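One-letter residues, chain by chain:
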Amino acid sequence: MQLKTDLYIDGKWVKGNGSVPVYDPSDGSVIAEIQTAGEKECDAAVDAAYRAFPDWAKTAPRYRAEILRKAFEIMVAEADFLAELVSKENGKVITDAKGEILYAAEFFRWFSEETVRVQGDFRKSPSGDKRILVTHQPIGVSLLITPWNFPAGMATRKIGPALAAGCTVILKPAIETPLTAMAIIDILERAGVPKGVVNLVTPTPAGPMVSRILHDSRVMNLSFTGSTEVGRVLIKEAADRVIRCSMELGGNAPFVVLDDANIDEAVKGLMLAKMRNGGAACTAANRIYVHKKIADEFTTKFAKAMSELKMAPGREAGAQLGASVSIKERDKIAQLVELSVKGGAKVETGGVMPEGPGAFYPPTVLTVDKSNEILKYEVFGPVAPIVTFENDEEAIALANDSDFGLISYVYSGELGRAIRVAEAIDSGMVAINRGMISDPAAPFGGNKQSGLGREGGFDGIHEFLQTKYIGVDI
Ligand code: NAD
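Presented here is a report on the structure given in the accompanying data block. (Residues numbered from 1 in each chain as written. Predicted model: local features only at pLDDT ≥ 70, side-chain atom pairs only at ≥ 80, totals over all residues. Heavy atoms only, no water.)

A few words now on the overall build of the protein. Summing up its helical and strand segments, the protein has 13 helices and 22 strands in all. Computed over the C-alpha atoms, the radius of gyration of the protein is 23 Å, within 12% of the 23 Å expected from 2.2 N^0.38 for a compact globule of 474 residues. With the principal axes as the frame, the protein shows a C-alpha extent of 70 × 65 × 40 Å. Within the protein, the proportion of its 474 residues that are buried is 57%. One finds the centroid of the 53 positive side-chain charges in the protein at a distance of 4 Å from the centroid of its 61 negative side-chain charges. (Helix = DSSP H or I, 4+ residues; strand = E, 2+ residues; numbered from the N terminus. Rg over C-alpha atoms; globule rule 2.2 N^0.38 Å. Buried < 20%, exposed > 50% of the residue type's maximum accessible area, 1.4 Å probe, protein only. Lys, Arg positive; Asp, Glu negative; His and termini not counted. Charge placed at Lys NZ, Arg CZ, Asp CG, Glu CD.)

What follows deals with the side chain of Asn-286. For Asn-286, the location among the structural elements is in strand E13 (residues 285-291). You can call Asn-286 buried: its relative accessible area is 2%. Looking at Asn-286, its side chain comes within polar contact range of the side chain of Lys-274, at 2.9 Å. Ignoring any residue separated from it by four or fewer positions in sequence, one finds Asn-286 in contact with Gly-251, Asn-252, Ala-253, Lys-274, Glu-378, Val-379, Val-383 and Pro-385. (Polar contact = N/O pair within 3.5 Å; in protein donor to acceptor, adjacent residues only side chain to side chain. Contact = heavy atoms within 4.5 Å.)

Considering the arrangement of structural elements, one finds Glu-66 in helix H2 (residues 61-77). Remark: the alpha-carbon pair of Glu-66 and Ser-112, spanning 46 residues in sequence, is separated by 6.7 Å.

Once that is clear, we can look at the packing of aromatic side chains. The tally for this structure, following the rule as stated, stands at 8 aromatic pairs. With a centroid separation of 5.8 Å and 40° between ring planes, the pair formed by Trp-110 and Phe-458 is classed as tilted. Separated by 348 residues along the polypeptide, Trp-110 in helix H4 (residues 94-115) and Phe-458 in the loop between strand E21 (451-452) and strand E22 (465-473) bring together distant segments of the chain. Relative accessible area serves as the criterion here: at 56%, Phe-458 is assigned to the exposed category. (Phe/Tyr/Trp six-rings, centres within 6.5 Å; stacked < 30°, edge-to-face > 60°.)

Before going further, it helps to spend a moment on helix H3 (residues 79-90). With 12 residues, H3 should cover 16 Å at 1.5 Å per step; its first-to-last C-alpha distance of 16 Å lies within 8% of that length. Those residues of H3 that fall on the buried side of the exposure criterion are Ala-79, Leu-82, Ala-83, Leu-85, Val-86, Ser-87, Glu-89 and Asn-90. Packed against the buried residues of H3 are strand E3 (18-24), strand E4 (29-36), H2, H4 and helix H6 (178-190). Just downstream of H3, Gly-91 is the residue with a positive phi angle, here 100°. (Expected span 1.5 Å × (residues − 1).)

Grouped together as the largest cluster of nonpolar side chains are 55 residues, with contacts concentrated most on Met-75, Phe-108, Ile-159, Leu-163, Leu-188 and Val-198. Ranked by the residues each element gives to this core, the list is headed by H4, at 9 residues. Apart from the residues lying within four places of it in its own chain, the contact partners of Val-198 are Tyr-8, Ile-159, Leu-163, Val-169, Ile-185, Leu-188 and Val-193. Core analysis: the next-biggest nonpolar cluster, separate from the first, contains 34 residues, Val-257, Met-275, Phe-302 and Leu-406 among them. (Core = buried A, V, L, I, M, F, W, Y, C linked by side-chain atoms within 4.5 Å.)

This is how it looks when you write it as structure tokens:
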């Protein structure tokens, strides 16, 4: 596979209005120069997606399914190349990158299967003299905006259901990690996606061009994954034309360890929930609530496991924690730790930024009071603040003390108790005695300010379909 660096519009790789470098955050070197998109390119992408929509929407579900299936197969066959690319532009370790590629490919397989299972229904009215036909139709041209932390997974989680539903798309990846998105578009082209059905633009800065696209009367749908801050701006933009929105936003996941939990298992689970992707995940455990009775043993074991991780450039043998995506992101992590320490946090391990080069921040464990400021923020890095609690009610109240509600984790030795706590926590997803639950076959999404809508599972395709009711007298 060849590295792509151009925009993709109407079935062609084209130049844009300029170029920007893409960096390897583990040493600051330039990996490639990519093309950027201005008004002309963004308008051309909307033109192409709009022109391609009627024919694509009419294709047989089986036809769309087979293209997606082919894309899945190519992605798996080229997983090593793609993982290397993800690791290079994002900084994450190669094992995480490979895991992401296989997870990302699964969205193409899952939605290739869902394509042929979109069902309507035929109902009788209560009066008996009418029939109610319910059917689902593709919404139309969809704008897909993705973040840098899972450059492959977040793209396929949107492109898969959109294409399955019969929508055409314009993908706008994060400017830090566009190469992976370009490689995925290349795969879709080779899998046989017709021209105009997928388009890729990289406007920078993103705001004005995204606003322009959202105000184009031919664009009907927005699917966004990123921060709550930007999501809020885009919901307001989308409101002008009442565009349908799916929002996968920030998280600040509580990780609750009850007093009857298996401590070693809980430590293992937290290592995964906190450290997958170097902590740069919306699902990352960020507020660790541990029962007072077991807190000392838990903290000692967890801090030991964290201090033993090998921090190194993502592609170095044995690396377990790579670089953050940029110096700017790394500095945000450092500032949150400083804030926490000023507020009385005790550093159990880590907390000292290494000399450069590279955007590295070490695995850090803090013990903090429940009012410590760090608990209010989504820490997008390898930092785990631990708080103690005295009973289940207090644990639930602490877990719910957040504007976010994406995912939570509960560890307990008794399933019924864990389910009672899981049901009382206000989040879209809860993992019981597991450090990871992301699954293409399950509905992913958040409550409160973590978002609107669900991706994956049976729900994901409906973010790109609208329900039509056809009424008839008989
Ligand atoms: P971000 O919000 O800064 O950027 C996300 C995308 O929006 C990027 O493509 C960016 O270029 C674009 N963007 C930025 N400003 C914009 C504007 N004014 N108008 C239009 N587009 C704009 O987020 P990020 O730093 O790339 O990613 C991290 C965030 O993403 C975290 O908050 C994380 O929790 C969230 N996230 C959520 C999920 C989920 O499924 N809920 C998954 C992954 C990441």
